[in-house]
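Residues per chain, in single letters:
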Amino acid sequence: KKTGKIDKMIPKQGNERSPPLTTDQIETYLRDGILVVDNLLKPEEVAEAQRGLAKTLLEEYGVDVHDLETTGIGLVDASSTNGAG
């Protein structure tokens, strides 16, 4: 059976898919505007995303994640609120 990209993002328990979001999770998201889902991504996927973000910040905004004291001011340009929050 062929699976699409979205199927690969759904957390699995053993050989079965985890249930969709619980009512509590949905309520948390609606209340807080954010939801933390533990173990959604593998550590390698998180590391890849971090590398991609660091590359984009450096190339697009001149922000070096290893030297934020000097280059962090560039984050204002990356912010949709111009650093206001």
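Throughout what follows, the structure given in this document is the object of discussion. Keep in mind it's a predicted model, so treat the numbers as computed, not measured.

A tally of regular secondary structure across the protein chain gives five helices and two strands. The secondary structure elements of the protein chain, listed N-terminal to C-terminal, are α-β-β-α-α-α-α. Of the roughly 7700 Å² of accessible surface on the protein chain, 54% is carried by carbon and sulfur atoms.

In this section: a nonpolar patch on the surface. Residues L21, I26, Y29 and L30 make up a contiguous nonpolar surface patch of roughly 430 Å² in combined accessible area. Here Y29 lies in helix 2 (residues 23–32). Taking the relative accessible area as the measure of exposure, Y29 reaches 46% and is therefore partly exposed.

On to the environment of G74. Summarising the element assignment, G74 is placed in the loop between helix 4 (68–71) and helix 5 (75–78). Sequence separation between G74 and G62 is 12 residues; the distance between their C-alpha atoms is 6.2 Å. Those residues in contact with G74 that lie beyond four places of it in its chain are Y61 and V63.

With that settled, consider helix 3 (residues 43–61). Its 19 residues give helix 3 an end-to-end C-alpha distance of 26 Å, which sits within 8% of 27 Å, the value for a rise of 1.5 Å per residue. Positive backbone phi, approximately 70°, marks G62, located one or two places after helix 3.

About the thresholds
Residues numbered from 1 in each chain as written. Predicted model: local features only at pLDDT ≥ 70, side-chain atom pairs only at ≥ 80, totals over all residues. Heavy atoms only, no water. Helix = DSSP H or I, 4+ residues; strand = E, 2+ residues; numbered from the N terminus. Areas by Shrake-Rupley, 256 points an atom, 1.4 Å probe, with all protein chains shown as cover. Patch = residues over 30% accessible without salt bridge, like charges linked within 9 Å, V, L, I, M, F, W, Y side chains within 5 Å. Salt bridge = Lys/Arg side-chain N within 4 Å of Asp/Glu carboxyl O. Buried < 20%, exposed > 50% of the residue type's maximum accessible area, 1.4 Å probe, protein only. Contact = heavy atoms within 4.5 Å. Expected span 1.5 Å × (residues − 1).

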